[in-house]
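So the chains spell out like this:
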Amino acid sequence: QEQLVESGGGLVQPGGSLRLSCAASGFTLDRNAMGWVRQAPGKGREWVSQINPGGGSTRYAESVNGRFTISRDNAKNTLYLQMNSLKPEDTAVYSCARRKYVGEVLRPLRDDEYNYWGQGTQVTVSS
């Protein structure tokens, strides 16, 4: 059974850092683009970041650009999101997802391009 499990969320003060992990089971992460999406209470899903299979091409939402870094470790079959300089508005449930198609992609991914989603991990940024 294919599964993505996020971890690493928690409570952090503004300006702090967290590293989220997304562990895959039942499949490998080395052939598909992967993304991070977040959803704050009362708001819709917001695309955060994505990375190509090779790890050399990444994209970020303007709201997190320069503060977040997405990466993957194919040997560990794990996706990461390093979050620095966290702000209260970063508070959300963060989920990872796999693109349904194999290969590289240069444009931002659409919602319908993801086919596997994790359950998410809660990130709370508060003093």
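Provided above is the structure to which this section pertains.
Each chain carries its own residue numbering, running from 1 in the direction its sequence is written. Reporting of local features is limited, given that this is a predicted model, to residues whose pLDDT is at least 70; pairs of side-chain atoms are given and counted only at 80 or more, and all residues count toward the totals for whole chains, interfaces and linings. Computation of side-chain values covers all heavy atoms of the structure but excludes hydrogens and water.

K.L.:
Looking at this structure, I do not really get the sheet that holds strand β8 (residues 78-83). What am I missing?
P.N.:
Strands in a sheet are paired, the pairing made by backbone hydrogen bonds, and the direction either parallel or antiparallel. Spatially, four strands are ordered β1-β3-β8-β7 in an open sheet, and the strand pairing comes out antiparallel. A single partner strand is all that each edge strand has here, and the edge strands are β1 (3-7) and β7 (68-73). Adjacent strand axes in the sheet meet at a mean angle of 15 degrees, parallel and antiparallel pairs treated alike. The criterion for strand pairing is that DSSP finds at least two bridges linking the strands in question. Strands are runs of DSSP state E lasting at least 2 residues, helices are runs of H or I lasting at least 4, and numbering of each runs from the N terminus. Note that strand β3 (residues 18-25) and β8 share six bridges and pair antiparallel. The residue of β8 that forms the bridge with A23 is T78. Interaxial angles span 0 to 180 degrees and are taken between N-to-C directions of axes, which are lines fitted to C-alpha atoms, for helices over the stretch in contact.

K.L.:
Looking at this model, I keep getting lost on the packing of aromatic side chains. Mind explaining?
P.N.:
Working definition: an aromatic ring pair is given by the centre-to-centre distance plus the angle between the planes. In summary, the pairing rule links any two rings of Phe, Tyr or Trp, Trp by its six-membered ring, whose centres are within 6.5 Å, and it sorts them by plane angle into stacked for under 30 degrees, edge-to-face for over 60 and tilted for everything else. Evaluation of the coordinates by the stated rule reveals two aromatic pairs. Judged by centre distance (5.6 Å) and plane angle (25 degrees), the ring pair of F27 and Y116 falls under stacked. Taken together, the residues span a long stretch of sequence, with F27 in the loop between β3 and β4 (32-39) and Y116 in strand β10 (residues 114-117) at a distance of 89 residues. Partly exposed residues are those whose accessible area sits between 20% and 50% of the maximum for their type, while under 20% is buried and over 50% is exposed, using a 1.4 Å probe and protein chains only. Here F27 falls in the buried class, since its relative accessible area comes to 11%. On the basis of relative accessibility, which here comes to 26%, the residue Y116 falls in the partly exposed class. Between Y114 and W117 the ring centres are 5.2 Å apart and the planes differ by 65 degrees, which places this aromatic pair in the edge-to-face class. When its relative accessible area of 6% is taken as the criterion, Y114 is described as buried. By the criterion adopted, a ring carries a charge over it if an Arg CZ or a Lys NZ lies within 6 Å of its centre and within 35 degrees of its normal. Taking the ring centre of F27 as reference, the NZ or CZ of R98 above it sits at 4.5 Å.

K.L.:
How should the state of the cysteines be read in this particular structure?
P.N.:
Here a disulfide denotes one covalent bond, and it connects the sulfur atoms of two cysteines. Counting rule for disulfides: a pair of cysteine sulfur atoms within 2.5 Å. Summed over all chains, the structure comprises one disulfide. Each sulfur of the disulfide joining C22 and C96 lies 1.9 Å from the other. Judged by the torsion about the S-S bond (65 degrees), the C22/C96 disulfide is right-handed. Taken together, the residues C22 in strand β3 and C96 in strand β9 (residues 92-102) connect sequence positions 74 residues apart. With respect to class, C22 is no different from C96; both count as buried.

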